[in-house]
Amino acid sequence: MSRIDELVADLCPDGVPFKALGELVHPVPNVKWPEVGETEFSYIDLTSVDRVTHKINDAELVTCETAPSRAQQLVREGDVIFGTTRPTLKRYGVIPSEFDGQIASTGYCVLRPNDDFLLTNFLFHLLGTAEFCKFVETNERGASYPAIPDSAVKQYRIPLPPLEVQREIVRVLDTFTELEAELEAELEARRQQYA
């Protein structure tokens with residue numbers, strides 16, 4: 001029996017409840033451009049998040065004068081963003097500390113976990129599951145430029161084990177992710193060596 005199985009058996013003897021994401025996240029405010037003056041913000045648009053590493057790469061600096069109309073959502077460290085425009089491209093990630101207080105495109109559903117119930121990295125890993133991808137494909141609208149509304153994303157029901165169980169699941173998945181990255185780096189080094 002794994003550590004996760006033991007925790008679930010001990011802490012969830014009647015099973016793990018499922019909750020809609022919308023019940024587990026805080027609202028995210030929009031920037032009030034007239035009130036920020038000439039303050040510069042890093043703008044996270046849909047191409048800023050790498051589809052493989054899920055890290056934010058190229059965020060441009062914008063002000064109230066230069067910001068595109070989609071530059072609206074104020075993000076905080078620990079927010080999880082999911083690209084709702086062309087969602088099968090799987091642009092999602094966690095806002096790191098260097099982007100705390102910056103601006104994200106309205107092309108993202110910004111999920112600010114209520115940390116009394118939901119861990120940021122647990123939510124991040126859930127967005128990468130086949131079940132979530134299937135949900136998105138079922139609920140996206142439009143043929144040439146498909147999108148899924150934020151309201152639909154927030155209707156997705158997730159398993160909600162106690163935080164201790166979430167921490168253990170995250171620890172295991174982070175370890176696998178790290179090992180996978182190391183393996184990819186090793187394979188690339190071997191390819192270059194053989195070439």
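The structure displayed is predicted, hence computed values, not measured ones.

Conventions and cut-offs
- Residue numbering note: each chain is counted from 1, following its sequence as written.
- Reporting in this predicted model follows two pLDDT cut-offs: at least 70 for local features of residues, and 80 or more for side-chain atom pairs to be given and counted; totals over whole chains, interfaces and linings ignore these cut-offs and use all residues.
- By convention in this description, side-chain values take in all heavy atoms of the structure and omit both hydrogens and water.
- By this definition, two strands are paired if DSSP reports at least two bridges between them.
- To qualify as a helix, a DSSP run of H or I must reach at least 4 residues; to qualify as a strand, a run of E must reach at least 2; elements of each kind are numbered from the N terminus.
- Relative accessibility thresholds used throughout: buried, under 20% of the residue-type maximum; exposed, over 50%; partly exposed, between the two (1.4 Å probe, protein chains only).
- Buried Ala, Val, Leu, Ile, Met, Phe, Trp, Tyr and Cys residues form a nonpolar core when they are joined through side-chain atoms within 4.5 Å.
- Residues are treated as being in contact if the distance between any of their heavy atoms lies within 4.5 Å.
- Comment: arc refers to directions from the helix axis out to C-beta atoms.

Caption draft 1: Representation of the sheet that holds strand E2 (residues 25–26). With respect to topology, 4 strands assemble into an open sheet ordered E2-E9-E6-E7, the strand pairing being antiparallel. Of all strands in the sheet, those bounded by a partner on one side alone are E2 and strand E7 (92–94). Here 2 bridges tie E2 to strand E9 (residues 108–113), and the two strands are oriented antiparallel to one another. If you follow valine 25 over to E9, its bridge partner there is proline 113.

Caption draft 2: Layout of the pairing of E9. Where burial is concerned, most of E9 is hidden: 6 out of the 6 residues are buried. The side-chain alternation of E9 yields two buried faces, one formed by Tyr108, Val110 and Arg112 and the other by Cys109, Leu111 and Pro113. Of the pairings in the sheet, the one linking strand E6 (residues 80–83) to E9 comprises 4 bridges and is antiparallel in character. From the neighbouring strand, valine 80 faces E9, where its bridge partner is leucine 111.

Caption draft 3: Fine view of the nonpolar core. With 25 residues, the main nonpolar core has Leu21, Phe82, Leu111, Leu118, Leu127, Phe132 and Val153 as its most contacted residues. Among the elements of the structure, E6, E9, helix H3 (120–126), helix H4 (130–139) and helix H5 (150–153) are those that each provide at least two residues to this core. In this structure, leucine 111 is in contact with Leu21, Val25, Asp79, Val80, Leu123, Leu127, Val153 and Lys154, ignoring residues within four places of it in sequence. Core analysis: the next-biggest nonpolar cluster, separate from the first, contains 12 residues, Val49, Ile56, Val75 and Phe99 among them.

Caption draft 4: Expanded view of the environment of valine 94. Position of valine 94 relative to the elements: it lies in strand E7. On the basis of relative accessible area, valine 94 is assigned to the partly exposed category, the value being 26%. The sequence separation of valine 94 and leucine 123 amounts to 29 residues, and the corresponding C-alpha distance is 9.4 Å. Apart from residues lying up to four places away in sequence, valine 94 is in contact with His54, Gly78, Asp79, Val80, Thr120, Asn121 and Phe124.

Caption draft 5: Seen up close, H4. Within H4 the residues assigned to the buried category are Phe132, Cys133, Phe135, Val136 and Asn139. The buried residues of H4 all sit within an arc of 160° when viewed along its axis, so they share a single face. With respect to the buried face of H4, the exposed residues turned more than 90 degrees away are Ala130, Glu131, Lys134 and Thr138.

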